Amino acid sequence: MALAIREAEYAASVGEVPVGAVIVDGNGAVISAAHNLRESISDATAHAEILAIRHACETIGNWRLSDTSIYVTLEPCAMCMGAIINARMRRVVFGAHDAKSGALLSNFGIGTGKKLNHRVEFLGGVCGEQCEKILEDFFRALRNR
């Protein structure tokens with residue numbers, strides 16, 4: 001999670017919503033790391049999770065990320081949970097809950113039920129206060145401008 005937090009902090013420093021994501025293999029080795037780039041590249045799909053998944057697939061040469069875990073500083077949205085499910089990722093670990101857009105626990109339970117072809121293990125609130133503070137500080141500074 002520390003690397004995901006560093007990605008989020010970097011995102012904030014370049015004017016992006018501070019969300020960072022890291023994907024590790026079953027042995028804990030980092031496969032990819034990314035941060036939000038929606039503003040920088042004018043792409044609505046350029047969430048940290050999506051970018052990290054794309055890079056991980058390129059790195060291992062397969063769209064199936066079966067024995068991987070994603071660490072992300074903010075609970076994934078519906079789009080990102082869809083990508084996580086489609087990539088067959090094993091586990092999602094996130095920091096801050098997202099009451100408005102979170103799709104794993106806060107709103108929809110994507111990946112937790114029996115209706116989809118794949119379920120994920122999950123753990124929320126990891127370094128949650130630190131992840132929330134990064135987001136709060138970013139949006140406070142944005143409002144003050």
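For the structure itself, look to the data block above.
Parameters at a glance
- Residues numbered from 1 in each chain as written.
- Predicted model: local features only at pLDDT ≥ 70, side-chain atom pairs only at ≥ 80, totals over all residues.
- Heavy atoms only, no water.
- Helix = DSSP H or I, 4+ residues; strand = E, 2+ residues; numbered from the N terminus.
- Polar contact = N/O pair within 3.5 Å; in protein donor to acceptor, adjacent residues only side chain to side chain.
- Contact = heavy atoms within 4.5 Å.
- Salt bridge = Lys/Arg side-chain N within 4 Å of Asp/Glu carboxyl O.
- Buried < 20%, exposed > 50% of the residue type's maximum accessible area, 1.4 Å probe, protein only.

Could you give an account of the side chain of N36, with specific residues and numbers?
Mapped onto the elements, N36 comes out in the loop between β2 (30-35) and α2 (38-41). Among the polar contacts made by the side chain of N36, one reaches the main-chain carbonyl oxygen of V17 at a distance of 3.3 Å. A polar contact of 2.8 Å, which involves the side chain of N36, links it to the backbone nitrogen of A48. The residues contacting N36, other than those within four sequence positions of it, are A11, E16, V17, V19, A46, H47 and A48.

Which residues make up the pattern of salt bridges, and what are the values?
According to the stated counting rule, one finds four salt bridges in the structure shown. Two residues, R90 and E121, come together in a salt bridge whose shortest N-O distance is 3.6 Å. Remark: E121 occurs in strand β5 (residues 121-124) and R90 occurs in the loop between α4 (78-86) and β4 (91-96); sequence separation between them is 31 residues. R90 gets classed as partly exposed once you look at its relative accessible area, which sits at 27%. For D137, the salt bridge goes to R140, with nearest N and O atoms at 3.1 Å. Pair noted here: D137 and R140 are both in helix α5 (residues 128-144), with a separation of three residues, about one helical turn. A relative accessible area of 32% places D137 in the partly exposed class. By sharing partners, the salt bridges in this structure join D67, R90 and E121 into a single network.

Could you give me a rundown of the environment of D67, with the residues and numbers involved?
Assignment of secondary structure puts D67 in the loop between α3 (48-60) and β3 (69-74). Residue D67 is classed as partly exposed on the basis of its relative accessible area of 46%. Along the sequence, D67 and G26 sit 41 residues apart, while their C-alpha atoms lie 5.3 Å from each other. With residues up to four places along the chain from it excluded, the contact list for D67 reads V24, D25, G26 and R90.

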